[in-house]
Amino acid sequence: MPEPGKKPVSAFSKKPRSVEVAAGSPAVFEAETERSGVKVRWQRGGSDISASDKYGLAAEGTRHTLTVRDVGPADQGSYAVIAGTSKVKFDLKVIETEKAEPVPSPDPAPAEAPGASGEALTSATEEEGGSPSPEGSSSAAPDGSGASDDPIGLFVMRPQDGEVTAGGSITFSARVAGASLLKPPTVKWFKGKWVDLSSKVGQHLQLHNSYDRTSKVYLFELHITDAQATFAGGYRCEVSTKDKFDSCNFSLTVHEAVGPGDLDLRSAFRRTSLAGSGRRISDSHEDAGTLDFSSLLKKRDSFRNLRDPRLEAPAEEDVWEILRQASPSEYERIAFQHGVTDLRGMLKRLKGMRRDEKKSTAFQKKLEPAYQVSKGHKIRLAVELADPDAEVKWLKNGQEIQMSGSNRYIFESVGAKRTLTISQCSLADDAAYQCVVGGEKCSTELFVKEPPVLITRPLEDQLVMVGQRVEFECEVSEEGAQVKWLKDGVELTREETFKYRFKKDGQRHHLIINEVTLEDAGHYALRTSGGQALAELIVQEKKLEVYQSIADLTVGAKDQAVFKCEVSDENVQGVWLKNGKELVPDSRIKVSHIGRVHKLTIDDVTPADEADYSFVPEGFACNLSAKLHFMEVKIDFVPRQEPPKIHLDCPGRKLDTIVVVAGNKLRLDVPISGDPPPTVIWQKTLTQKNKVPAGPSPDAPEDAGASDEWVFDKKLLCETEGRVRVETTKDRSIFTVEGAEKEDEGVYVVTVKNPVGEDQVNLTVKVIDVPDPPAAPKISNVGEDSCTVQWEPPAYDGGQPVLGYILERKKKKSYRWMRLNFDLLRELSHEARRMIEGVVYEMRVYAVNAIGMSRPSPASQPFMPVGPPSEPTHLAVEDVSDTTVSLKWRPPERVGAGGLDGYSVEYCQEGCSEWVVALQGLTERTSLLLKDLPTGARLLFRVRAHNMAGPGAPITTKEPVTVQEILQRPRLQVPRHLRQTIQRKVGEPVNLLIPFQGKPRPQVTWTKEGQPLAGEEVSIRNSPTDTILFIRAALRAHSGTYEVTLRIENMEDKATLVLQIVDKPSPPQDIRVTEAWGFNVALEWKPPQDDGNTEIWGYTVQKADKKTMEWFTVLEHYRRTHCVVSELIVGNGYYFRVFSHNMVGPSDNAATTKEPVFIPRPGITYEAPNYKALDFSEAPSFTRPLVNRSVIAGYNAILCCAVRGSPKPKISWFKNGLDLGEDARFRMFSKQGVLTLEIRKPCPFDGGIYVCRATNLQGEAQCECRLEVRVPQ
């Protein structure tokens, strides 16, 4: 806070200035801050400006730039730039320019608007002399305004590619047509191929959606703030409904801050797109042309001359070869180094090129591309190595992860598998991880999903007066959670005036508004990632209510006069006036103000005090007046023996009524006279009753009180101390009641007596109080946001008429009551509005009379404002017959908090207004068949949706429906698979369903081979829409041609079906051996007598040795009826058999030769060859020696090697020279020359030198290794 007397220091060293710009030109505003790193916000009309096609935001060090492209009249207005607590305002004025005539030669570029950058002028100079482009300057804007609507997909406007400077903000928008959708579509945003951005919502990324009921278009937005270089890449938006799906890809490019001396690399590769040479080009048209990538890749000389030597790559380097060999994380750096700006085009071309994938030599299984884990959970990253002994390093964001005592990171090594376990994941673990083995590495990205922040205690409605302080409080489930405060759907921010203050206290969030105004009324919401809380603020103008007005007083000399009034606001000050002049307090006149009560006290009243007194509250047009009457007591000369007399200012002896407010002090000062001094007796009448007069008989008719006498029961009042007391002096008697109560009300009799006589006066005292509380109000006519509240008058009105009532409401789970009216309600009912649907409320009421406000009534029964649903949609007539109508519809668009109980259907005759209920009760289905309707009648139908709030608006058929069958030609719809020959196996069921059309219901006839179907094995089932031929178990006899006929009167339709029932074939016939020679036998047979009603697919030929009778297949799927069986064994006898095959399978039996066929032995003597014996003996040698190992204690370890030798060598294992053959903790294996030593759960003492020794008759060999046993940290 600045010191007193000093001017606050501005955060800006250079402030933007107001400019005047011609329409169509860009406007550039520059600001410089005192130090770098300050977050700067640009605003227009109090709303933040984000980077878009219209606005360009750039920041470099202390320099910040706002560019307004293609300025139009709508851009004219006031702008502001904010840094910290400093805010600078400036104006943009747009000047309309007339169209310039074509100029034959290019003129010098006009002077730039103030603040325009030098780069814009350079770009204009380069493009003025360019050739005209056929497209002109009407290229589509990035926001999609120039793109045509998608005629097929769901998108009305697709998100477009975007560019943003690091640290800036950007919003991607997608619009979806909702006119034909029954429910809101589901939209998902992805980065890359699968990373769901809904789990990344937080400080840098927000998702918003809204619905425009006028255009029936859904708007979905992805808002990225404080963009970083890692945000660049490809994104995807997917929208889906119940039966449709659409998606769109787009990319985000994040640029680093460019200095003023840097060169615009894109300008050298841009094709000109503006016709003519006399028009200046600026930064507002930087996207009008298309990037010429061919000039970049060919590296033309003109480009080399224009580029900065610091950014130029070596001439011999090939950009695409560099990109092919680089990892995806390096693409952005290489693209910037070589001047490539269209990253999306680069990635598309790079994807189309064939890249030789080199097989990893270090990894057998790499890390997945990405992992996702919820906050607080555990995640394992695992790889498998090609070399089990290789050393592994784990990196996090390029930094090696070290082992620590917190056990957050656990490293495991089991064989070739390496695992990194991260326990209790936090947002700090959301990073890129790498596993490095030697010179190779594999990378992955870990996404930590933060749980949604829930509302644990919602906001409460508040009703305040103008100028009061308001504080909303809400409690969420997480401490320090990011929340947003909104007013009527618009986010609240810290303005320069600090109207809104936001406070965090652990899980509690506060919104404070100092000195509210009428404009602050509305609905306030606190939004988190897991929901929102809503409350209403009602602000009413100040209005002062008078609970108790001042009353006229009549007092005597030396008495005390007290004027008292009570108003609704305890903070209101006021002035007391006497005859219109301000009354100055002194020792005798005192003015007091305690809470809502203002009091004027005058001691020792004199005749000069008789006047009109008024109380005027400050700030309100209100005046409370009363009159003070001075009662003068005249004492005349009384002779001795004067009878007693009571001196009062009342003519005669009529009853005077004295009114006192309950709780106030009652003092009755009665002047008396008499000589000798009289005795004063005070009595109070307790009860009164009629005395029955003496009459003729009880049966005589009563006369209406004509002869009644009144008898009073009186209570003597003689106490001189206490709450009710009597004090008597020589000339007066004083009756005092401290804190008057209702029981003090009644008729008081004052009697004075002396020997001369007596006098008596009756005084009526009436005690008035606030009314009793009314009974609990009753709620009726509950609507969507309103209800009707009814109540009864209080049983006791406090002695004063009830002036009106005050109504309050609260949410059921809240403790704060909110007043609904400041003006008193005169009626006994009120319609309460502005409630939130689905929230449970309670009501209570106060009664108010002239004294004040009663205690509150008991709360009403809890109720929930619920509105009826909207009308159903898409009501249509599905079918009509002579007596029935089938209707169908879709659910209503808005159901509300009351849910949906069902639908009612009604109909009425055309031209009639009486609707008839077609269905008793409600139906939950969205279709209904109405029966027993009058034939030929023209009826209108309507459908209503019902819920607990009652029926909603109806939807009615547009045209009357004639209840009459519509004649429709019969038509069979034979499925495609039934138009061919239908094949079934014997025993299988046959179920042929054929749909058809026709009205009225057609007659269906089935025939087989022209004859009606007979027998119980074939059954026909017909319905209004199809016919079914059913055979439970098919037989060969069911094969044939079936014909189905559909007939309506003289119209018919026919269809023919061919059914073929197939079975296994019979065995072949007449198998015989035709010839035998050498090792061969020739067989021959005849086709089977029964082919199973289908084609024979082939034969299977088998042979069996006579000795074993084991059958072996010789030929399969053989198509001919003769074959030659070869490679028979000499001297053996053989039997042969043949099976036949078709589509069902092989025949059950086979045709077998009756006699065996013997293969004779020829007269040839076998002489065994003579071979020279060879010596294969060999000394042991290790083909694969042991290797050094490092293992973790507690996990089994294995040492392996391979040995060869002949004869088989003897194997011995040693540790540090000791033989391990007898140790049970070691197991030794030898298989096919592979030797294995297994060490069970090694400990650090098992480390050392292990030797494997192989020995045979030819010699011995050995190998050794070192084993290190590590203790896990």
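Residues numbered from 1 in each chain as written. Predicted model: local features only at pLDDT ≥ 70, side-chain atom pairs only at ≥ 80, totals over all residues. Heavy atoms only, no water.

So, about the overall build of the protein chain. When helices and strands are counted, the protein chain shows six helices and 95 strands. Residues counted as buried form 39% of the 1273 residues belonging to the protein chain. In the protein chain, 63% of the contacts between residues at least 6 apart in sequence involve partners at least 24 apart. For the protein chain, the accessible surface area stands at approximately 73,600 Å², while carbon and sulfur atoms represent 49% of it. (Helix = DSSP H or I, 4+ residues; strand = E, 2+ residues; numbered from the N terminus. Buried < 20%, exposed > 50% of the residue type's maximum accessible area, 1.4 Å probe, protein only. Contact = heavy atoms within 4.5 Å. Areas by Shrake-Rupley, 256 points an atom, 1.4 Å probe, with all protein chains shown as cover.)

The subject of this paragraph is the sheet that holds strand E15 (residues 205-212). Taken in spatial order, the four strands make up an open sheet running E10-E12-E16-E15, and their pairing is antiparallel. If you trace the sheet from one side to the other, it starts and ends with strand E10 (155-157) and E15, each paired once. Direction aside, neighbouring strands of the sheet carry axes that sit 25 degrees apart on average. The pairing of E15 with strand E16 (residues 217-224) spans eight bridges and is classified as antiparallel. In the strand pairing of E16, His208 is matched with Glu221. (Pairing = 2+ DSSP bridges. Axes fitted to C-alpha atoms, helices over the stretch in contact; angles between N-to-C directions.)

Another aspect to go through is the nonpolar core. With 27 residues, the main nonpolar core has Phe172, Val176, Trp189, Leu222, Ile224, Tyr235 and Leu252 as its most contacted residues. Put simply, the parts of the chain that give this core at least two residues each are strand E12 (170-177), strand E13 (186-191), E16, strand E17 (233-240) and strand E18 (245-255). In contact with Ile224, not counting residues within four places along its chain, are Gly168, Ser169, Ile170, Phe172, His204, Phe231, Tyr235 and Leu252. (Core = buried A, V, L, I, M, F, W, Y, C linked by side-chain atoms within 4.5 Å.)

Once that is clear, we can look at the side chain of Arg418. In this structure, Arg418 sits in strand E25 (residues 417-422). Buried Arg418, no salt bridge; nearest opposite-charge side chain is Asp389, N-O distance 6.0 Å. Arg418 has contacts with Leu381, Ala382, Val383, Leu385, Pro388, Asp389, Ala390, Val392, Trp394, Glu412 and Ser413, leaving out every residue within four places of it along the chain. (Lys, Arg positive; Asp, Glu negative; His and termini not counted. Salt bridge = Lys/Arg side-chain N within 4 Å of Asp/Glu carboxyl O.)

Looking at the element boundaries, Thr230 is found in the loop between E16 and E17. In the structure, Thr230 is positioned 99 residues away from Ser329 in sequence and 9.0 Å away in space, judged by C-alpha atoms.

Computed from the structure, the second largest pocket encloses a volume of approximately 1,600 Å³. Lining the second largest pocket are 39 residues, and of these Leu553, Thr554, Ile658, Val659 and Arg667 lie nearest its centre. Put simply, the parts of the chain that give the lining of the second largest pocket at least two residues each are strand E38 (553-556), strand E39 (561-567), strand E47 (656-661), strand E48 (666-673) and strand E54 (757-768). It is E47 that contributes the most residues to the lining of the second largest pocket, six residues altogether. (1 Å grid on protein atoms, 1.4 Å probe; cavity = no way out; pocket = protein on both sides within 12 Å on 5 of 7 lines; lining within 4 Å. Points joined across faces, edges and corners; volume = space filled by probe spheres on them.)

Moving on: the sheet that holds strand E91 (residues 1218-1219). The strand order across the open sheet formed by five strands is E88-E95-E94-E90-E91, and the pairing between neighbours is mixed. With partners counted over all chains shown, the strands left at the sheet margins are strand E88 (1189-1192) and E91, one partner each. In the sheet, strand E90 (residues 1210-1215) pairs with E91 via two bridges, with the strands oriented antiparallel. Note on E91: the bridge partner recorded for Lys1215 is Leu1218.

Attention now goes to the packing of aromatic side chains. Considering all chains together, one arrives at 21 aromatic pairs under this definition. Between Phe29 and Phe90 the ring centres are 4.7 Å apart and the planes differ by 35 degrees, which places this aromatic pair in the tilted class. Here the residue Phe29 occupies a position in strand E3 (residues 27-33), and Phe90 occupies one in strand E9 (residues 86-95), the gap between them amounting to 61 residues. For the pair shown, Phe29 and Phe90 are each scored as buried. (Phe/Tyr/Trp six-rings, centres within 6.5 Å; stacked < 30°, edge-to-face > 60°.)

All chains considered together, the criterion is met by 51 salt bridges. Between Glu727 and Arg725 there is a salt bridge whose closest N-O contact spans 3.4 Å. Judged by its relative accessible area of 16%, Arg725 is buried. Between Lys753 and Glu758 there is a salt bridge, and its shortest N-O distance comes to 3.8 Å. Since its relative accessible area comes to 48%, Glu758 is described here as partly exposed. Among the ionic contacts, a cluster of salt bridges with common partners joins Asp461, Glu536, Arg809, Lys811 and Arg834.

Turning to the pairing of strand E75 (residues 1018-1022), a few remarks are in order. Bridge count for E75 against strand E76 (residues 1026-1031) is five bridges, and the pairing is antiparallel. The partner of Asn1022 across the bridge, within E76, is Thr1027. The antiparallel pairing of E75 with E76 creates a hairpin that spans three residues between the two strands.

Before going further, it helps to examine a positive patch on the surface. Together, Lys183, Lys242, Lys888 and Arg890 give the surface a local cluster of positive charge. Residue position: Lys242 is located in the loop between E17 and E18. A relative accessible area of 88% places Lys242 in the exposed class. (Patch = residues over 30% accessible without salt bridge, like charges linked within 9 Å, V, L, I, M, F, W, Y side chains within 5 Å. Charge placed at Lys NZ, Arg CZ, Asp CG, Glu CD.)

Turning our attention to the pairing of strand E24 (residues 409-414). Two elements, E24 and E25, share six bridges in a ladder whose sense is antiparallel. Directly across from Glu412, in E25, lies its bridge partner Thr419. Here E24 folds back onto E25 in antiparallel fashion, the turn holding two residues, of which Gly415 has a positive phi close to 65 degrees.

When the pLDDT values of the protein chain are averaged, the result is 81; 84% of them are 70 or greater. Residue range residues 1-8 is modelled with pLDDT below 50. Its contacts to residues more than four positions away, or to other chains, number one contact. (pLDDT = per-residue confidence, 0-100.)

What follows is about unusual backbone geometry. Of note, the bond from Lys999 into Pro1000 is cis; its omega dihedral lies within 30 degrees of zero at -10 degrees. Turning to its location among the elements, Pro1000 is positioned in the loop between strand E72 (990-999) and strand E73 (1003-1008). With an omega dihedral of -5 degrees, the bond running from Ser1206 to Pro1207 counts as a cis peptide bond. As for its placement among the helices and strands, Pro1207 is situated in the loop between strand E89 (1197-1206) and E90.

A few words on the environment of Ser198. If you trace the backbone, Ser198 turns up in the loop between strand E14 (195-196) and E15. Its relative accessible area of 46% is what places Ser198 among the partly exposed residues. In sequence terms Ser198 and Lys188 are 10 residues apart; their C-alpha atoms lie 7.5 Å from each other. A distance of 3.1 Å separates polar atoms of two side chains, one belonging to Ser198 and the other to Asp196. (Polar contact = N/O pair within 3.5 Å; in protein donor to acceptor, adjacent residues only side chain to side chain.)

Relative to the helices and strands, Gln462 resides in strand E29 (residues 462-465). Of the polar contacts made by the side chain of Gln462, one reaches the backbone oxygen of Glu471; its length is 2.7 Å. A distance of 3.3 Å separates polar atoms of two side chains, one belonging to Gln462 and the other to Arg816. In contact with Gln462, other than residues within four places in its own chain, are Val470, Glu471, Phe472, Glu536, Leu537, Ile538, Arg816 and Met818.

Further remarks concern the environment of Arg938. Within the fold, Arg938 resides in strand E66 (residues 938-947). Once you skip the residues sitting within four places of it in the chain, Arg938 turns out to touch Cys908, Gln909, Glu910, Pro960, Val961 and Thr962. At 2.6 Å, the side chain of Arg938 and the side chain of Glu910 are in polar contact. At a separation of 3.2 Å, a polar atom in the side chain of Arg938 contacts the side chain of Thr962.

Here we come to the state of the cysteines. Two cysteines form a disulfide when their sulfur atoms are joined by a covalent bond. Tallied over the entire structure, the rule returns zero disulfides. Left unpaired, Cys1265 is separated from the closest cysteine sulfur, that of Cys1263, by 7.5 Å. (Disulfide = S-S within 2.5 Å.)

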